[in-house]
Structure formats: structure tokens, C-alpha cells
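These are the residues of each chain, in order.
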Amino acid sequence: MKNLLIVLFLLTFAIAQAADKKVDSKIESVTVFQNGAQIYRSASSSLHKGHQIIILSGLSTDINSSSIQVNGSGDFTIMSVTHQINYLQEIIKEKRIVAISDSLKDLNYKVQYQQQIIAAYSEEVDLLKANKDLKGANSNLSITELKTAADYYRMRFREIYTDRLKINEKIKEMQVEIRKLQATLNQLSQRRAPVGIGEILVEIDAAVATKANFNFDYLVNSAGWSPIYDIRAINVNKPVELHYRANIYQRTGIDWNNVKLSVSTGNPRQNGVIPILNVWYLNFYNQNTRSKSLANYTSNQLSESEMQLDEVQVQGAQVASYNKKASNASNYTTVNQGQTNTIFEIALPYSIPSSNKQVNVKVQKWDLPASYRYYAVPRLDPDAYLQARITGWEDLSLLGGDVNIFFEGTYVGQSYLNPTILSDTLDISLGKDKNIVIKRKKIKDKNSSAILGSTKKMNIAWSIEVKNNKSDAIHLVIEDQIPLSNRKDVEVILGDKSGASLNDKTGFLTWDFMLDSKKGKDFDFNYSIKYPKEVVISNAW
């Protein structure tokens, strides 16, 4: 019997030694890509001699299993690494979610309790109504008895209806609170890995019992970031500040608490296969079946296709002053420029919850040289816009993103930074200046039309008047245009242009000049159009 007990003990011990061991781990750092994030974790565990499986548990269900890497230090050998989702367990919910869930359960119970009271009152009302006929079998009731019964019914109905009204008010108040709590819970719980937890199984063979340290990393898909910029111009005598921010989101189901954060411009899911050229054969078609003639384009369409402006247009305007800033994440950021991407390593620890909210992180700040000028297109808008012409930005490895523009501490509007433009100068509009007055009008005595045989000639003249009401001299650029013709029998001839430069491809006229304080200037230009008299031109000016 004694020997049997010893054998059973040894078998139990052996089974316990061979059982899988779950080990908790800690997030050390995260590298966030535009689409996806690389999670770096550490864990430690004691190992017994022999074969065993360590389960790194409590992970996201969103792991890309092909990206898992596990390294260890200690006297053991890692035999294999596999990934699984344990549907029998759930990721531990944060305390706030548990508290809100408990409050919702309590409120819903109270609502149901009050609704049961209302239902009981309704049953009583039905019973009273069914028995309110005092005649019939009780036709011998005296006046006093009838009065007593009537008083009872009246008082009881009043009590029931009053109580029901109060209870309904209580229910309404509780339902308002329930909606608020439910909205908060939905926001906190959104995309928090509702089913199961992720696990990484590490198969190990240890020569001796030892202590093991693990470092492992993997890619998750439901995280990323998008760039957003602030451009701040203090005044026209100082460089422009370019603030680079990252809007980071993660919905992996696991909160990132006090982790070392890096932001990368790379994309780990980008196709890395080198393209291969195939033989290129020409396709042929009958020239009479061409789908569209150049003659179908209007002058405005030609202008747009001929020239793409680098100007970043302001989309809106509102006023919001900003205060002098304290130290921020950009003061603790190291930039590592790789061959194919840029990584911004932030020394400050960050906490980013798994939710639908974005966390705005400032990753870098630059002071960029800028020149300032005023720019106006009076044909489209009589106002002059202050422009900051920024240089040196093309070497910063920027990504396309929205830009918030501030001038002299005031929010001006929002634009879009497009790093794919070919110009080395980025033009940013800083808003209108009403102290520069511009008027564009026709010169009546120089506008005329005449028919010469089979040809009609139209003469058109414009005058542009400019006044600088500012206390300082300004650099001003004015653009206007003459129409272009895409027909040989329609000819546009430019006459006087008051010193403007002409772009023959676009028809744009440009005046670039300095204008002293309180001074004005006039520019006249005219053009003529010759065309067959049977042709009608609808947009000659």
C-alpha cells in the first residue's frame, strides 16, 4: 500500500510538472505605424527540467500570427512558437467599465421595480372600475353609504394616479441616467476584444531547472496614426513654426499603460515585391472614333489642367487665441531616419487606452525660413491674402495631412499639406487683410465690338486699382488672366498689360511689386478676340 501511494504521488508530481504554465507579461514599448503597431513585451518564469509549454497569456486577439518573434535568455531551448485564441477567458475589464456596468444593472433593476408598481396600480384601477356600480344587489344603500363609497373611490383614484405620475417621473430620470451611462460604456468598450484572449504558446526544453526571461513582439492590425500639423506664424519678421503631431488610435482590446512610444512613417503591410516590367504593345483604334475632342474643353478647364497651383487654401476661419506653450513631447523626441522610413522615438511614457478615442502626440517641431507677401486674384475675389512662403520643408520626410494655421496667436483656418508637390516653396494663406483695397472694373470707352467682313472683333479692357492702407510697405502679387483659344479660327490678342508678365500656356497675367504705405497704384490691360461672325462666344470676360 505504501509503495502504491508513492507511485501515485510521483505520477501526480510528473503531471503537474508537465502541465502548461500561464505567464503574465508587460508591454515595454510600442512602435505605431500608419496602419498597425508593433508591440514589444517582456516576461519571466521559472522552468523545471525537461519539456514544457509556457503560455504567454492576456494578449490581444488582434495579433498577426506571422509577425510573432520570441527570444529568451537562460539555460533552455525554444522548440516552437504558436498562437491561439482562448475563447474560454476574457481580458480583464478595467475598473471604470466594471463600475459603470454595475451602476447600469442597479438602475435597470430599479426601473423594472417601479414598472411593477405601475402594473399593480393598473390592476387595481381595473378592479375599482369593475366594482364601481353601487346599484343592483346593493340598491338599498343609504345616501350616507353612497357618499362614503363615492368618497373612497375618488380618493383612491386620486392616490393611484398621483403615485403613477410620480413613479413615471422617477423612471424618466433613471432612463436619462441609463442612456448617459450606456453611451459612456459603449465608448469605453468599443473594440475591446469582446470574445476570448490571445495567447502565445512557447514550447521549451530545459536541461536543468532554471530562471527564464522572455522578450517577444508581434504586430497588431487595429492601431495606427495619422499626421496633423500646426503652422504658427508669430509675425512677418520671424520664421514659421511647423508642429508635427500624430493622432494615435488603438482598438486592440489591451490598454497601453505607461509605455515607451515610437511613431513610424513606415507601413509593415506594404507589398515589398519588386515590380517586373512586361513587354509593352501599342493598341490601335480608328482616329474617327476618338471619344473626346480638345474643342470640348472650356478655357477654365484648360487653365486647370495646364497648371496646378501649390497654394494651400484656407477652408474656414474662426478666432481662438493660444497661450505660450510649456514643454511637450517634441522636446523629448529622437528622430531616426532610415532608408525607407522615419521613426520618432518619444522618451516620455504614454498611456493610450483601447477605445475609439485618438490621442494627440506632438512628435516634432521645426523653425522654417519664410518670406511673406500679399496675393490677390481680383477676377475671383477683391480681397488680398497674406501668404507665408515656406522653404526647407521638403527635407523633413513629411506625410500628407491636415494643417491648422495660426497667425499672431489667432486661428486662421485649416488647410492640407501635400508633400508630393514639385515646388520647393510651400505657400500658406494666413487670411485676408482688409487694409488692402482692390477694385477691378471694365474700362467702358475701350470695350467695343465690330464686324469686318466674315470676321467679328471684340475689344475688352479692364482696370485694377490698388490702395495700401497699412502703416508699412507691402510686397503684393496680383494675378489676372486673358482667355485662351483652342480653335485656329479664333484668335486672342493681348494689348496693353501695364508691365505684367504673361504665361502663354495659361493666359495668366502677373504683377509683382512693392507698394508703399498709404499709396495706390493702377494697372490696365486689354485684349481683343477675332472670330467668325457666325460663332457665339459666351465667356469673353
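Residues numbered from 1 in each chain as written. Predicted model: local features only at pLDDT ≥ 70, side-chain atom pairs only at ≥ 80, totals over all residues. Heavy atoms only, no water.

Observations concerning the overall build of the protein
Logical step 1: Each helix and strand counted, the protein has 4 helices and 26 strands in total.
Logical step 2: A total of 541 residues make up the protein; the buried ones form 38% of that total. (Helix = DSSP H or I, 4+ residues; strand = E, 2+ residues; numbered from the N terminus. Buried < 20%, exposed > 50% of the residue type's maximum accessible area, 1.4 Å probe, protein only.)

As for the packing of aromatic side chains
Logical step 1: Under the criterion given, the structure shown has 11 aromatic pairs.
Logical step 2: On the numbers, 5.5 Å between centres and 40° between planes, the contact of tryptophan 511 with phenylalanine 523 is tilted. Taken together, the residues tryptophan 511 in strand E25 (residues 508-515) and phenylalanine 523 in strand E26 (residues 520-532) connect sequence positions 12 residues apart. The pair tryptophan 511 / phenylalanine 523 is uniform in exposure class, with both members buried.
Logical step 3: Through a chain of ring-to-ring contacts, the aromatic side chains of Trp225, Tyr229, Tyr244, Phe344 and Trp366 assemble into a single cluster.
Logical step 4: When the ring centre of phenylalanine 406 is taken as reference, the NZ or CZ atom of arginine 232 above it lies at 4.0 Å.
Logical step 5: In this arrangement the basic side chain of arginine 440 is found over the ring face of tryptophan 462, its NZ or CZ atom lying 3.8 Å from the centre. (Phe/Tyr/Trp six-rings, centres within 6.5 Å; stacked < 30°, edge-to-face > 60°. Lys NZ or Arg CZ within 6 Å of the ring centre and 35° of its normal.)

Some points on the sheet that holds strand E14 (residues 370-376)
Logical step 1: Strand order across the open sheet formed by 6 strands is E18-E15-E14-E22-E25-E24, with mixed pairing between neighbours. Two strands bound the open sheet, and with one partner strand each, they are strand E18 (425-433) and strand E24 (501-503). Taking the axes of each pair of neighbouring strands and ignoring which way they run, one obtains an average angle of 30° across the sheet.
Logical step 2: The sheet contact formed by E24 and E25 spans 3 bridges and is antiparallel. Looking at the pairing, asparagine 503 lines up with phenylalanine 508 of E25. (Pairing = 2+ DSSP bridges. Axes fitted to C-alpha atoms, helices over the stretch in contact; angles between N-to-C directions.)

Examining the sheet that holds strand E1 (residues 21-23)
Logical step 1: Across the sheet, 4 strands lie side by side as E1-E4-E7-E6; this open sheet has mixed pairing. Each edge of the open sheet carries a strand with a single partner, namely E1 and strand E6 (76-86). Between one strand and the next, the sheet's axes are offset by a mean angle of 25°, whatever the strand orientation.

Re the pattern of salt bridges
Logical step 1: Applying the stated criterion to the full structure yields 16 salt bridges.
Logical step 2: Of the charged contacts in the structure, one is a salt bridge between lysine 22 and glutamate 199, with a shortest N-O distance of 3.5 Å. Highlighted residues: lysine 22 in strand E1 and glutamate 199 in strand E7 (residues 197-206), separated in sequence by 177 residues.
Logical step 3: Owing to a relative accessible area of 1%, glutamate 199 belongs among the buried residues under this scheme.
Logical step 4: Of the charged contacts, one joins arginine 440 and aspartate 480 as a salt bridge, the two residues approaching to 2.7 Å between their closest N and O atoms. With arginine 440 in strand E19 (residues 436-442) and aspartate 480 in strand E22 (residues 474-481), the pair connects residues that are 40 residues apart, well separated along the chain.
Logical step 5: Members of the salt-bridge network, linked through shared partners, are Asp381, Asp383, Lys432 and Lys434. (Salt bridge = Lys/Arg side-chain N within 4 Å of Asp/Glu carboxyl O.)

Some words on unusual backbone geometry
Logical step 1: A positive phi angle, near 50°, is found at asparagine 258, a position not held by glycine.
Logical step 2: Relative to the helices and strands, asparagine 258 is located in strand E10 (residues 256-264).
Logical step 3: We classify asparagine 258 as exposed; its relative accessible area is 57%.

Some points on the environment of serine 448
Logical step 1: On the secondary structure map, serine 448 appears in strand E20 (residues 448-452).
Logical step 2: In this structure serine 448 comes out as partly exposed when scored by relative accessible area, which is 39%.
Logical step 3: Non-local contacts of serine 448, meaning those with residues more than four positions away in its chain, are made with Lys457, Met458 and Asn459. (Contact = heavy atoms within 4.5 Å.)

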